[in-house]
Each structure stands twice: as structure tokens, then as C-alpha cells.
Amino acid sequence: MLKLRVVTIVVLAPLAVAAILWLPNDLFSYLLMIFFAVGAYEWGRLAGFPGALSLVVLIGFLLIVNSLQQYLHLQSWIYWLAAG
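Residues numbered from 1 in each chain as written. Predicted model: local features only at pLDDT ≥ 70, side-chain atom pairs only at ≥ 80, totals over all residues. Heavy atoms only, no water.

### Regarding the overall build of the protein chain
- Each helix and strand counted, the protein chain has four helices and zero strands in total.
- Listing every helix and strand of the protein chain by position from the N terminus yields α-α-α-α.
- Counting every position in the protein chain, which comprises 84 residues, the buried fraction comes to 13%.
- Split by element, the accessible area of the protein chain, about 6900 Å² in all, is 77% carbon and sulfur. (Helix = DSSP H or I, 4+ residues; strand = E, 2+ residues; numbered from the N terminus. Buried < 20%, exposed > 50% of the residue type's maximum accessible area, 1.4 Å probe, protein only. Areas by Shrake-Rupley, 256 points an atom, 1.4 Å probe, with all protein chains shown as cover.)

And the structure:
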């Protein structure tokens, strides 16, 4: 199990650094949104929530907020929401 985690971090760490340094802000925010959605889905499964419905609602909400943040200048707000 530890071996799998080490291999995962060896592969994902350079990809994460490359995404932070070279992706445009829009693409990076969509990538983060996908990671947050997967994490929320996993947390929801552990908490006993129905998975498919909560994931669809979460992704819809994140897509709406992500598209609005460009026009309403909500960058700092969306980052605090994501951190929460």
C-alpha cells in the first residue's frame, strides 16, 4: 500500500507543479474544480450521502460559480470557498 502511494506522489507531484506554473488561470481553475468534486464525492460516500445526486449538484454549482467569478471578480471569494 505504501509503495502505491509513493508511486502516485512521484507521478502526480511533477504534474501538479507543471499545472501550477504553466496552465492558464481558467484551465487551472477547472482542474481544481475537478479535484474538489472528486474529493467531495469521496467524502460524501464516507459520510453516507447518495453519491450521484450530490456530485451532480456540486459540479453544477462549481461550474456556475467558476463562470461567474470571471465577470464579478470573485477570485479571492472562490479561493476562500474552496479552502473551506
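### Concerning the confidence of the model for the protein chain
- Summarising the model, the protein chain shows a mean pLDDT of 75, and 77% of its residues fall at 70 or more.
- Confidence, expressed as mean pLDDT per element, reaches its minimum in the protein chain at helix α4 (residues 75-83) with 62 and its maximum at helix α1 (residues 2-22) with 86. (pLDDT = per-residue confidence, 0-100.)

### What about α1?
- Between the first and last C-alpha of α1 there are 30 Å, a value that for 21 residues agrees with the 30 Å anticipated at 1.5 Å per step.
- Most pronounced at Leu 12, the bend in α1 amounts to some 25°, and the proline Pro 14 follows within four residues. (Expected span 1.5 Å × (residues − 1). Bend = angle between axes of the 7 residues up to and from the residue.)

### Some points on a nonpolar patch on the surface
- On the surface, Leu 23, Leu 27, Tyr 30, Ile 59 and Leu 63 cluster together into a nonpolar patch covering about 400 Å² of accessible area.
- Looking at the nonpolar patch, the elements with two or more residues in it are α2 (25-47) and α3 (51-72).
- Using a relative accessible area of 41% as the deciding quantity, one classes Leu 63 as partly exposed. (Patch = residues over 30% accessible without salt bridge, like charges linked within 9 Å, V, L, I, M, F, W, Y side chains within 5 Å. Salt bridge = Lys/Arg side-chain N within 4 Å of Asp/Glu carboxyl O.)

### A few points about α2
- The end-to-end C-alpha separation of α2 is 32 Å, in line with the 33 Å expected for 23 residues at 1.5 Å each.
- Phi for Gly 48, located one or two positions after α2, is positive at around 90°.

### Quick word on the environment of Phe 28
- Within the element layout of this structure, Phe 28 appears in helix α2.
- Given the relative accessible area of 23%, Phe 28 is considered partly exposed.
- In this structure Phe 28 touches Ala 19, Ile 20 and Leu 23, once residues within four positions along its chain are discounted. (Contact = heavy atoms within 4.5 Å.)

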